[in-house]
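Chain and residue survey
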Amino acid sequence: VGEPQFRRLHPGTIGIEIVRVLGRFVWFVVILVILSLSGQRGDSGEFFFEAAGAIVVVVALVRYWTTRYAVHDQKLIVRSGLLVKNERTIPLDRIQNINFSRNLLHRVLGLVDVQIETASGAGAEANLSALGEAEAQRLRAELTGAQPEFSSTEPVWQRQDSLYRAGFKELLLAGATGNRALFILASVVGFAVLLPSVVGQLRGRVVSQLDALPGPVWMAFAGAGAALFFVGWIVSIVTTIIGYWDFEVRLRDGRLQRTYGLLNHVENFVPIRRVQVLLVSQNVLQRLLRVCTARIETAGAYAASDGNERGPQTSSPVLSPMTDWDGAQAVIREVVAGSAPGSEAWTPISPKTVVRGVRSALLWAVLASAGGWFWLGPRGLAFGVGLLVLAWLAGLLRKATCAFSDSSEVFVSRRGAFSRHTSYVPVAKVQSVALAQSPVQRRLALADLRLTTAGSSLTGVHIEVPDLAFDVASGLADSLHGRSLEAAWANPDGF
Amino acid sequence: MTPQPEGDWRPLDPNVRTLWRFEAALAAVGWAALGIGLDFLVRELSEDGRVRWPLPFGSLTGGGFLAVLVLGLLLVTKKHQNWRYRLRPDDLAVRYGIFWKTWRYVSRPRIQHVDVTAGPIARALGLRTVSVFVGGNVGATVTIPGLSEAESERLRQTLVRSAPPSEETPSG
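1. Brief notes about the overall build of chain B
Scanning chain B for helices and strands turns up 4 helices and 7 strands. For chain B, with 172 residues in total, the buried portion stands at 39%. Nonlocal contacts in chain B, meaning residues at least 24 apart in sequence, comprise 54% of its contacts between residues at least 6 apart. For chain B, the accessible surface area stands at approximately 9800 Å², while carbon and sulfur atoms represent 61% of it.

Take a look at the structure:
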């Protein structure tokens, strides 16, 4: 087998590293520049600036000089560190996915950041920043060639491999209807509520000037809020279009390749058998427009980010930023073997969910009524009654929308009356099965069914079907557990 | 009374009740400390030293202390009666809960690693906690508190063995 042949990063790493560290401390740098320019601190400011700069350069050099990697004996070995030496060994068959990302500077220098993930921990297990383009491709072939489902040669991607391609219209829709716009709206409203008091306290003059404006002050604020919202909306659309520019998913020989990005170009590879869950989600706007977003979860945590340098984020890798239902169905059918999107036999949850919801809310309703009575007298009882009515309505919606579908290979659950979320779980990927029963559910013979997979959803969402009849839930739990167990023995390493 | 095994479902070591009683007492002391702290704070903050509150704060402290202590002590037996685990050749199941009941099933080939831990009180009582980790986030960990040392060792040995349990195919 011989000794491992260690290789170095690309020398361009030094430049990348300097820019990265400067970027991280951008506010610190700005403050230092302002201090040195303002002349208040004069020499000391300049000194800090130079010292910080020197440290950054030294750190970048050290990182370049000390990082080495080798592929040897079915393992990837990465050495790093000057004082604390670190050697990490990753068996090639444990690699969950490989991520290539390039920001603007990388692209100018012809470099690639390579992130390699296994199923453990948060973040990429190995981060090779940065390699030359050719070296990165070579490394990927070495890493994936060892995996049994891959042929050792890198496939030549062909036109018919394309599974999904986002057009300009889709990206526009994704940006326009994404949650970011709603988030910006919410923050603007919050800001508009806070602003008058802040302004009032800080500058009475401004308020008096505002009073001189025609029309009431709140209209000015509403106008400003609307303008801010509009700007935020446009920003959301533009960032989405730039971020997901030319988004394409290809599938060949059991591996998914996702490429996207205008400035920060990302190329991400996921073996299809590593897909733990496929999530299809729609918010209210998207339901009206009959479009949806599909995401996948794998066991690697870094894949949970959408592959840029900011590290793990709370969203799973996007499979199709925005597509109509036909497009989504095609993607689901290919990625989750054995699924039949669009022709599932849905089983609704128990109709007793309405009663359950109202009874669960009873204690809170009593407390709210007592509190209301204490503050407002008899009128305060309305709080409790209102709460019960809300619980009843929520129960009706739950009854109408929550459902599951279980075929031999795939378990599908659907929830959400307003935003709709559908999860496709290959039964072979189920890690644990649980039933949970609250006191109210016990009296009504109901239970919640919960599944976990190795999907590293940082949002902590597990697949849950609420308020099933207890017999149905326990039968389902037994069956899912049994089937996943069989799959687990067949493939003990399987994630 | 000591709960008996029901079929394959085994109860925890009876000593765990002593551990839980200690824990209940500690929690009650914690509540009392919190209450006394709040009480003190409110008295300091109110101008005339009198607290404008429907009830004197001290009652909350004392009440909280008593409630946590009594509830904790009363429920220990019940909790122990309801806690069961089942180790079969190819899977582990637990069920527990007095009001909120939970059943969880983990397949043995899914197990990533097993932790055996014991705090000072548990050690003095000869108890161990076995935590079983499967792939996925924290919510997927199965923890069995209060096993005797021998039993925890048996569980650990069985669970981390990687070969299939028997010649017969695992049943679905």
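There's more to say after this.
2. Some details on the environment of A328 of chain A
Residue and element names in this part refer to chain A. For A328, the position within the fold is in helix α11 (residues 325-335). Distance from A328 to L396, taken between C-alpha atoms, is 28 Å for residues 68 residues apart in sequence. Among all residues touching A328, those that are not within four sequence positions of it are C292 and T323.

3. Quick word on the pattern of salt bridges
Residue and element names in this part refer to chain A. Using the criterion set out here, one finds 24 salt bridges over all chains in the structure. Put simply, R7 and E142 hold a salt bridge, and the shortest N to O gap is 3.0 Å. Of this pair, R7 sits in strand β1 (residues 7-8) while E142 sits in helix α5 (residues 133-145); the two residues are 135 residues apart in sequence, bridging distant segments of the chain. Taking relative accessible area as the criterion, R7 reaches 16% and is therefore assigned buried. Judged by its relative accessible area of 28%, E142 is partly exposed.

4. Describing the side chain of E151 of chain B
When you line up the elements, E151 of chain B lands in helix α4 (residues 149-160). The residues contacting E151 of chain B, other than those within four sequence positions of it, are R10 and Y85 of chain B.

5. Observations concerning the packing of helix α12 (residues 353-376) of chain A against helix α13 (residues 381-401) of chain A
Between two packed helices, both the angle of their axes relative to each other and the distance between the axes serve to describe the pair. All names here are of chain A. It is at 6 Å that the axes of α12 and α13 come closest, and there the two elements cross at 160°. Classified by the angle their axes make, α12 and α13 are roughly antiparallel. Here α12 runs over α13; the crossing is right-handed. Taken together, the residues that form the contact of α12 with α13 break down as 16 nonpolar, 6 polar and 3 charged.

6. Side note on the confidence of the model for chain B
Residues and elements named next belong to chain B. Summarising the model, chain B shows a mean pLDDT of 79, and 77% of its residues fall at 70 or more. Note that residues 167-172 has pLDDT below 50 and, in this model, 7 contacts with residues that lie over four places away or in other chains. Scoring the predicted complex yields pTM 0.74 and, for the interface, ipTM 0.77.

7. Quick word on a nonpolar patch on the surface
All names here are of chain A. A grouping of L363, W364, L367, V385, L387, V389, L390, W392, L393 and L396 is seen on the molecular surface, where their side chains present a nonpolar patch of about 970 Å² in accessible area. Of all the secondary-structure elements, those providing two or more residues to the nonpolar patch are α12 and α13. In terms of residues, the nonpolar patch owes the most to one element, α13, which gives 7 residues. Note that L367 resides in helix α12. On the basis of relative accessible area, L367 is assigned to the partly exposed category, the value being 49%.

8. Thoughts on the nonpolar core
Residues and elements named next belong to chain A. Core analysis: the largest hydrophobic core is formed by 32 residues, its most contacted members being F247, L256, L278, I296, L319, V335 and Y424. With 4 residues, α11 is the single largest residue contributor to this core. Those residues in contact with L256, other than ones at most four positions away along the chain, are L163, V249, R250, L251, N268, F269, V270, I272, V275, I296, L319 and V335. Counting 25 residues, the second-largest nonpolar core is a separate cluster that includes V277, F404, V427 and L480.

Reading the values: rules and limits
Residues numbered from 1 in each chain as written. Chains lettered and ligands numbered in written order. Predicted model: local features only at pLDDT ≥ 70, side-chain atom pairs only at ≥ 80, totals over all residues. Heavy atoms only, no water. Helix = DSSP H or I, 4+ residues; strand = E, 2+ residues; numbered from the N terminus. Buried < 20%, exposed > 50% of the residue type's maximum accessible area, 1.4 Å probe, protein only. Contact = heavy atoms within 4.5 Å. Areas by Shrake-Rupley, 256 points an atom, 1.4 Å probe, with all protein chains shown as cover. Salt bridge = Lys/Arg side-chain N within 4 Å of Asp/Glu carboxyl O. Axes fitted to C-alpha atoms, helices over the stretch in contact; angles between N-to-C directions. Parallel < 35°, antiparallel > 145°, perpendicular 65-115°, else oblique. Left-handed = near helix turned anticlockwise from the far one by under 90°. Nonpolar A, V, L, I, M, F, W, Y, C, P; charged D, E, K, R; others polar. pLDDT = per-residue confidence, 0-100. Patch = residues over 30% accessible without salt bridge, like charges linked within 9 Å, V, L, I, M, F, W, Y side chains within 5 Å. Core = buried A, V, L, I, M, F, W, Y, C linked by side-chain atoms within 4.5 Å.

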